[in-house]
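# Structural overview for review
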Amino acid sequence: QIVPLWIAPNLLTFSGFVMILVNYFLISFYDWDYTASGTSPGLVPTWVWLFSAFTTFCAYALDSIDGKHARRTQSSTPLGELFDHGLDSWATSIFVLSFFSVCSRDNGKTGVSVYTMYIYLSIVLFNFMCSHWEKYNTGVLFLPWGYDLSQVVLIAAYLLTGAVGVEVWQKPLLFGYYITDALVILLIGFSLFLSFPQTLYNIHRAHLKKTLKNDSLYEGLLPLVSPLLLFILLTVWVVLSPGNILAKQPRLFLWMVGVAFSNVICKVIICQMSSTRPELFHWFLFPLALVVYAAISGLLGWTEEAVLAVFTTLVTAAHVHYGVCVGRQLSEHLNIYIFSLKKRVQE
């Protein structure tokens with residue numbers, strides 16, 4: 001009710017995403033390699049953690065009200081839906097990557113290994129993929145309450161860190177277990193026993209009611225091919241990298257994972273919205289396969305980190321370009337502006 005009626009819903013969505021990005025780059029400045037909280041506890045100022053809690057809350061709130069504001073201003077459009085879910089697909093990974101700085105990477109005593117970070121991120125992105133795969137088949141986006149819980153946990157974690165310092169993550173909580181151990185159990189438990197089973201159940205129920213949008217098993221499973229191949233290629237690179245690329249450049253590698261995933265899922269979201277068949281192999285898979293092969297075969301040698309940096313830059317630029325182009329095309333087709341409620345002037 002406090003949002004002025006002249007503000008476009010997409011502006012709320014984008015503002016929340018920008019806040020997440022600013023927070024991520026701010027934390028990256030102080031803690032590029034995820035070691036600050038473990039080896040230099042005072043390196044990240046207290047105000048940064050409090051700012052993280054503030055930006056996370058704002059982004060969560062804005063993401064929650066943009067749809068309500070669109071209906072309030074009678075400006076709900078396919079562009080708004082794609083804009084919201086498309087940015088969510090990218091923000092999902094950024095939330096996780098920012099949080100890793102709180103618990104820090106393994107330093108031999110405390111922290112989380114970079115491989116565990118990769119697994120955490122993969123599980124979170126898997127859950128996001130399942131939600132939109134479900135909508136592709138049922139036409140209904142069922143968001144489990146785990147999303148709300150994750151945002152509350154993030155905000156609480158940042159506030160706790162700002163209040164008592166990162167040392168709280170480095171002391172056993174109960175029976176020798178750390179807070180991070182409890183979060184791991186919650187994450188895996190919610191994914192394996194709540195989120196994924198709920199997705200399968202909702203699809204099964206739609207099948208019984210004969211409301212599935214896709215009749216054949218092939219059509220129903222098609223959106224999963226590219227995301228699963230993406231994670232297979234990335235995991236092969238992580239496991240077989242001669243230079244241990246994930247340990248050397250965890251932030252760069254995990255950022256690339258999030259961006260590549262977002263672009264693949266955006267294609268699925270568009271196909272779901274337009275009732276079209278998704279492509280079997282996303283184009284990202286081909287250059288990624290070449291890079292992975294060159295890396296694990298030893299062809300890249302000492303240039304592996306440089307190639308990762310170049311590939312990450314290109315993937316990020318391609319994703320931004322894709323988002324801008326799709327936004328412009330929908331804006332022109334629907335005769336609306338992206339960040340304004342005014343109608344476009346017909347040429």
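For the structure itself, look to the data block above.
No experiment lies behind these values; they were computed from the predicted model shown.

## Here's the deal with the packing of aromatic side chains
Aromatic ring pairs are reported here in terms of the distance separating the ring centres and the angle at which the planes meet. With the rule as written, the count across this model stands at 19 aromatic pairs. Between Y24 and F25, the ring centres sit 5.4 Å apart and the planes meet at 70°, which makes this aromatic pair edge-to-face. Assessed through its relative accessible area of 3%, Y24 is described here as buried. Owing to a relative accessible area of 47%, F25 belongs among the partly exposed residues under this scheme. A ring pair is formed by F231 and F261, whose centres lie 6.1 Å apart and whose planes are at 45°; its orientation type is tilted. Here F231 is found in helix 8 (residues 217–240), whereas its partner F261 is found in helix 10 (residues 250–274), with 30 residues between them in sequence. For the pair formed by F231 and F261, the shared burial category is buried. The residue whose ring lies beneath R251 is Y34, and the NZ or CZ to ring-centre distance is 4.1 Å.

## Points about the environment of G327
Looking at the element boundaries, G327 is found in helix 12 (residues 304–334). Residue G327 is classed as buried on the basis of its relative accessible area, which comes to 8%. The sequence separation of G327 and S340 amounts to 13 residues, and the corresponding C-alpha distance is 13 Å. Leaving out residues up to four positions away in the same chain, G327 has contacts with L79 and I338.

## Comments concerning the side chain of S89
Summarising the element assignment, S89 is placed in helix 4 (residues 78–103). Given the relative accessible area of 0%, S89 is considered buried. There is a polar contact of 2.5 Å between the side chain of S89 and the backbone oxygen of G86. Not counting residues within four places of it along the chain, the set of residues in contact with S89 comprises F128, F261, S262, I265 and C266.

## So, unusual backbone geometry
For Q74, which is not a glycine, the phi torsion comes out positive at approximately 55°. One can find Q74 in the loop between helix 3 (46–72) and helix 4. Residue class for Q74 comes out exposed when judged on its relative accessible area of 76%. In the Ramachandran plot, S275 falls in the positive-phi region, its phi being about 55° despite a non-glycine side chain. Mapped onto the elements of the fold, S275 is located in the loop between helix 10 and helix 11 (285–296). You can call S275 exposed: its relative accessible area is 57%.

## Overview of the pattern of salt bridges
In total, this model carries 3 salt bridges according to the counting rule given. E279 is paired through a salt bridge with K267; the nearest N and O atoms lie 3.5 Å apart. Taken together, the positions of E279 in the loop between helix 10 and helix 11 and K267 in helix 10 put the pair 12 residues apart, joining distant regions of the chain.

## Digging into the packing of helix 5 (residues 114–138) against helix 7 (residues 179–208)
Packed helix pairs are characterised by how far apart their axes lie and by the angle those axes make with each other. Closest axis-to-axis distance for the helix 5/helix 7 pair is 10 Å, and the angle between their directions is 15°. Taken together, the axis directions place helix 5 and helix 7 in an arrangement best described as roughly parallel. Crossing handedness for the pair helix 5 and helix 7: left-handed. For the pair formed by helix 5 and helix 7, the contact residues are Y120, I123, V124, F126, N127, C130, W133, E134, N137 and T138 on the first element and T180, V184, L187, I188, S191, S195, F196, T199, L200, N202, I203 and A206 on the second. Classifying every residue of the contact of helix 5 with helix 7 gives 13 nonpolar, 8 polar and 1 charged.

## A closer look at helix 3
The α-helix advances 3.6 residues per turn, and as a result positions three or four apart in sequence lie on the same side. With 27 residues, helix 3 should reach 39 Å at 1.5 Å per residue; the first-to-last C-alpha distance of 39 Å fits that figure. Where helix 3 bends most, at I65, the angle is about 35°. A positive backbone phi angle near 55° is found at Q74, which sits one or two residues after helix 3.

## Regarding a nonpolar patch on the surface
On the surface, L11, F14, V18, V22 and F339 cluster together into a nonpolar patch covering about 360 Å² of accessible area. Mapping V22 onto the fold places it in helix 1 (residues 9–30).

Thresholds applied
Think of each chain on its own: its residues are numbered from 1, step by step along the sequence as written. Where local features are concerned, this predicted model is filtered to residues with pLDDT of at least 70; where side-chain atom pairs are given and counted, the filter is 80 or more; whole-chain, interface and lining totals use all residues. Working from all heavy atoms in the structure, the side-chain values ignore hydrogens and water. Only Phe, Tyr and Trp rings take part, Trp by its six-membered ring, and two of them pair if their centres are within 6.5 Å. Stacked means planes under 30 degrees apart, edge-to-face means over 60, and tilted covers everything else. Exposure classes here rest on a 1.4 Å probe applied to the protein chains alone. A residue is buried below 20% of its type maximum, exposed above 50%, and partly exposed in between. Strands are runs of DSSP state E lasting at least two residues, helices are runs of H or I lasting at least four, and both sets are numbered from the N terminus onward. Geometrically, a lysine NZ or arginine CZ counts as sitting over a ring once it is within 6 Å of the ring centre and also within 35 degrees of the ring normal. The criterion used for residue contact is that any of the two residues' heavy atoms lie within 4.5 Å. Polar contacts, as counted here, are pairs of nitrogen or oxygen atoms within 3.5 Å of one another; within protein the pair requires one atom able to donate a hydrogen and one able to accept it, and residues that are adjacent in sequence qualify only if both atoms are side-chain atoms. Salt bridges are defined by distance alone: a side-chain nitrogen of Lys or Arg within 4 Å of a carboxyl oxygen of Asp or Glu. The axes used here are C-alpha line fits, helices contributing only the stretch in contact, and every angle between their N-to-C directions lies in the interval 0 to 180 degrees. An angle below 35 degrees is read as roughly parallel, one above 145 as roughly antiparallel, one from 65 to 115 as roughly perpendicular, and any other as oblique. By definition, any crossing whose near helix is turned counterclockwise from its far helix by less than a right angle is left-handed, and any crossing with a clockwise turn is right-handed. As a working rule, the residues Ala, Val, Leu, Ile, Met, Phe, Trp, Tyr, Cys and Pro are called nonpolar, Asp, Glu, Lys and Arg charged, and the rest polar, with Gly in that last group. Each residue after the first adds 1.5 Å to the expected span of a helix. To get the bend at a given residue, fit one axis to the seven residues ending there, fit another to the seven starting there, and take the angle between those axes. Patches here are clusters of residues that have more than 30% relative accessible area and form no salt bridge, with a 9 Å joining cutoff for like charges and a 5 Å cutoff for nonpolar side chains (Val, Leu, Ile, Met, Phe, Trp, Tyr). Values of accessible area rely on a 1.4 Å probe in the Shrake-Rupley scheme; residue burial ignores everything except the protein chains shown.

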